[in-house]
Amino acid sequence: MLNRKWYYKMEHLDAGEILDLTIQKAFPHIFNKGTVYVAPDTPIRNIALFLIPLRELYTSGIVVMENNNPIGRISPTHILKKVVENGYPQCLAATARDVMVSIVRDVRATFTLRAVLEIFRDTKFGFSPVMKNELLAGTISTRDFLPFIVKMGVERPANTIASDLIYINHKISIENTLRIMFEEDIRKIAIKEKGQVTIVDDRSLLGYLFSWETGKPNALDVDIDVLPKSNVANFPHTISISKAAEELLVKNLPCSISEDKIITPWDFVMKVLGSHVAKTDMNETVLLD
């Protein structure tokens, strides 16, 4: 949850100053919140049940720990890919080690934000455990960077960093929805029905497939319209990047949409601050945050 007192006391900083800050200087609040982690042999179903309630905290993933060291990270998408690859009943035998993204470089509290964004960009995963004094001390995600986007006062229109919304029919199956999301490399997909646009995300898909009430062998064949839809912010066509980022923070929502465009924390952070780290594809639609 955003520490609003800390957020409003922040001074105006430019991109270079922000990127040169260390994690412990920029984000002291991450060391005061709980960190969810699992052992490598934890079954997929258990991991999913940990991730589902984290929706309200907008935590992007879970850390896999072995011998008191973080060895991997898991997002809802990693589990869902295993479901489609192996089939729903078969994937229940999989474990955290089977689906995790291995950690090849520890992120430490003394790292600069520039180094963190390089790792996010290279792994295409906006989430990482943070080590302090050789212990797991917290986690960092793209959403933690949003207050800096606000304080930068970026006046450029928000639609210049938005990604195209991908639409599906509300009668498409869950399996086909997932295959489209994997092909497009997105975590959120849109359904337009009777002129109204709603968003389904990987967390709601995970919740449907792995809740004790609905977990059934034929769950992938169910139409997508049975899933709960995410609440999102609507941003005006002319709103600035910093104002749109503030809307997400104040309303505590996962993304913003406008006409046929969507903006997520990944877009705000990697296409604004990330563009100062190294040249990136500004039209990239990877939304792993």
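Please read all numbers here as calculations on a predicted model, not as lab measurements.

(A) The packing of aromatic side chains, seen in detail. Summed over the entire model, instances satisfying the criterion amount to 5 aromatic pairs. Consider the rings of Phe27 and Phe148, whose centres lie 5.7 Å apart with planes at 65 degrees: the pair is edge-to-face. Residue Phe27 is found in the loop between α3 (23-26) and β1 (37-38), and its partner Phe148 is found in helix α9 (residues 146-151); the two are separated by 121 residues along the sequence. As far as the burial class goes, Phe27 and Phe148 line up, both buried.

(B) How the structure looks around the pairing of strand β3 (residues 69-74). For β3, the buried fraction is high: 5 of the 6 residues fall into the buried class. Sheet analysis places strand β2 (residues 62-66) next to β3, joined by 5 bridges and oriented antiparallel. From the neighbouring strand, Ile62 faces β3, where its bridge partner is Ile74. Counted along the chain from β2 to the antiparallel partner β3, the turn is 2 residues long, and its residue Asn67 has a positive phi close to 55 degrees. Judged from the 2 bridges that link them, β3 and strand β4 (residues 101-102) form a sheet pairing that is antiparallel. Pairing of Gly72 across the sheet is with Ser102, part of β4.

(C) Fine view of helix α12 (residues 241-251). For α12, every residue scored as buried is listed here: Ile241, Ser242, Ala244, Ala245, Leu248 and Leu249. Down the axis of α12, the buried set is contained in an arc of 165 degrees. They therefore lie on one face. Looking one or two residues past α12, Asn252 carries a phi angle of roughly 55 degrees, positive in sign.

(D) Representation of the confidence of the model for the protein in the model. Here the protein averages 85 in pLDDT, and 87% of its residues register 70 or above. Low pLDDT, under 50, characterises residues 1-8; the stretch is placed with 18 contacts to residues that sit more than four places away or in other chains. Contacts for the low-pLDDT stretch residues 279-289, under 50 throughout, to residues beyond four places or in other chains number 37 contacts.

(E) Focus on the packing of helix α5 (residues 76-86) against helix α11 (residues 202-210). Two elements in contact, α5 and α11, have axes whose closest approach is 9 Å; the angle formed by their N-to-C orientations is 50 degrees. Judged by the angle between their axes, α5 and α11 are oblique. Of the two possible hands of crossing, α5 and α11 adopt the one that is left-handed. When α5 is examined against α11, the residues Pro76, Thr77, Ile79, Leu80 and Val83 are found in contact with a partner set consisting of Asp202, Arg203, Leu205, Leu206, Leu209 and Phe210. In terms of residue class, the contact of α5 with α11 is built from 8 nonpolar, 1 polar and 2 charged.

(F) Structural view of α11. Along α11, 9 of the 9 residues are buried, which leaves the element largely enclosed by surrounding structure. Among all positions of α11, only Asp202, Arg203, Ser204, Leu205, Leu206, Gly207, Tyr208, Leu209 and Phe210 are buried. On its buried face, α11 sits against α4 (44-51), α5, α6 (88-91), α10 (174-184) and β10 (196-201).

(G) Geometry of the sheet that holds β10. Reading across the sheet, the 3 strands line up as β8-β9-β10 and stay open at both edges, with mixed pairing between neighbours. The sheet is open, and its two edges are formed by β8 (167-168) and β10, each paired on a single side. Where β8 meets strand β9 (residues 188-193), 2 bridges bridge the pair, whose relative direction is parallel. In the strand pairing of β9, Ile168 is matched with Ile191. Here α10 sits on the sheet and contacts β8, β9 and β10; the angle it forms with β9, its principal contact strand, is near 125 degrees.

(H) Structural view of the pattern of salt bridges. The final tally for this structure, using the stated rule, is 13 salt bridges. When the shortest N-O distance is used, the salt bridge between Lys33 and Asp144 registers 3.7 Å. You can see Lys33 sitting in the loop between α3 and β1 and its partner Asp144 sitting in the loop between β6 (135-141) and α9, a full 111 residues away along the chain. We classify Lys33 as partly exposed; its relative accessible area is 33%. For Asp144, a relative accessible area of 9% gives the class buried. Where Arg108 meets Asp106, a salt bridge forms, and the shortest distance between an N and an O atom there is 3.6 Å. On the accessibility criterion, Asp106 (30% relative accessible area) is partly exposed. Each member of the salt-bridge network shares a partner with another, and the members are Asp106, Arg108 and Glu134.

What counts and what doesn't
Residues numbered from 1 in each chain as written. Predicted model: local features only at pLDDT ≥ 70, side-chain atom pairs only at ≥ 80, totals over all residues. Heavy atoms only, no water. Phe/Tyr/Trp six-rings, centres within 6.5 Å; stacked < 30°, edge-to-face > 60°. Helix = DSSP H or I, 4+ residues; strand = E, 2+ residues; numbered from the N terminus. Buried < 20%, exposed > 50% of the residue type's maximum accessible area, 1.4 Å probe, protein only. Pairing = 2+ DSSP bridges. Arc of directions from axis to C-beta. pLDDT = per-residue confidence, 0-100. Contact = heavy atoms within 4.5 Å. Axes fitted to C-alpha atoms, helices over the stretch in contact; angles between N-to-C directions. Parallel < 35°, antiparallel > 145°, perpendicular 65-115°, else oblique. Left-handed = near helix turned anticlockwise from the far one by under 90°. Nonpolar A, V, L, I, M, F, W, Y, C, P; charged D, E, K, R; others polar. Salt bridge = Lys/Arg side-chain N within 4 Å of Asp/Glu carboxyl O.

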